[in-house]
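Coordinates in review
Below, each chain spelled out in residue letters.
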Amino acid sequence: MQSINNTQYFKLEKEPELQVKDVLEMVYAALREKGYNPLNQMVGYIMSGDPTYITSHKNARSMIMKIERDELVEEILKAYITNNSWD
C-alpha cells in the first residue's frame, strides 16, 4: 500500500489535435448517418452558433464546438477556392 504522505504523479497523454478539415468531414458523416441534410445543418450552426444544429452522434457536436466558427468558414472557403482553381 502506498503512503498517503507521498505526492502522486499522473501523466496524461495529450489527445492528437484534429485539423479543421477532419472535423468537418467527421461532422458531415455523422449528420448523414443520422439522416440529416449536412449542408443545411452546418450552415445553420455556422450562421447562428447554435450547437443543436449538430447531432451529438459520434461526438460531432463537441468536436465542432472546439473550433471557432470563423475557422470553419475559412476552411470551407479555402477548399472552394482550391477546387475552382481560383488561386
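Residues numbered from 1 in each chain as written. Predicted model: local features only at pLDDT ≥ 70, side-chain atom pairs only at ≥ 80, totals over all residues. Heavy atoms only, no water.

**Regarding the overall build of the protein chain**
- Summing up its helical and strand segments, the protein chain has 4 helices and 0 strands in all.
- Each helix and strand of the protein chain, ordered N terminal to C terminal, gives the series α-α-α-α.
- Over its C-alpha atoms the protein chain spans a radius of gyration of 19 Å, topping by over 25% the 12 Å that the globule rule assigns to 87 residues.
- Projected onto its principal axes, the C-alpha positions of the protein chain cover 65 × 35 × 20 Å.
- In the protein chain, which comprises 87 residues, the proportion classed as buried is 22%.
- Looking at the protein chain alone, contacts between residues at least 24 apart form 42% of all its contacts between residues at least 6 apart. (Helix = DSSP H or I, 4+ residues; strand = E, 2+ residues; numbered from the N terminus. Rg over C-alpha atoms; globule rule 2.2 N^0.38 Å. Buried < 20%, exposed > 50% of the residue type's maximum accessible area, 1.4 Å probe, protein only. Contact = heavy atoms within 4.5 Å.)

**Notes on the pattern of salt bridges**
- Counted according to the given criterion, the structure contains 2 salt bridges.
- One salt bridge connects lysine 78 with glutamate 75, and the closest N-O pair in it is separated by 3.6 Å. In this pair, lysine 78 and glutamate 75 both sit in helix H4 (residues 69-83), 3 residues apart, roughly one turn of the helix.
- Judged by relative accessible area, lysine 78 falls into the partly exposed class, the value being 44%. (Salt bridge = Lys/Arg side-chain N within 4 Å of Asp/Glu carboxyl O.)

**Thoughts on unusual backbone geometry**
- Its identity is not glycine, yet lysine 58 carries a phi of approximately 55°, on the positive side.
- By the element assignment, lysine 58 lies in the loop between helix H2 (38-48) and helix H3 (60-65).
- The phi torsion at serine 85 lies on the positive side, around 55°, for a residue other than glycine.
- Tracing the sequence through the fold places serine 85 in the segment after H4.

**Points about the nonpolar core**
- Ranked by internal contacts, the top residues of the largest apolar core, which has 15 residues, are Val23, Val27, Met42, Tyr45, Ile54, Ile64 and Leu72.
- Mapped onto this core, the elements with two or more residues apiece are helix H1 (20-33), H2 and H3.
- Per-element accounting of this core gives the leading share, 6 residues, to H1.
- In contact with leucine 72, not counting residues within four places along its chain, are Val20, Leu24, Tyr45, Ile46, Ile64 and Ile67. (Core = buried A, V, L, I, M, F, W, Y, C linked by side-chain atoms within 4.5 Å.)

**A few points about the side chain of threonine 55**
- Examined against the element boundaries, threonine 55 turns out to sit in the loop between H2 and H3.
- Among the residues examined, threonine 55 registers a relative accessible area of 10% and is labelled buried.
- Among the polar contacts made by the side chain of threonine 55, one reaches the main-chain amide nitrogen of histidine 57 at a distance of 3.0 Å.
- Leave out the neighbours within four places in its chain, and threonine 55 touches Ala30, Leu31, Lys34, Tyr36, Ala60 and Arg61. (Polar contact = N/O pair within 3.5 Å; in protein donor to acceptor, adjacent residues only side chain to side chain.)

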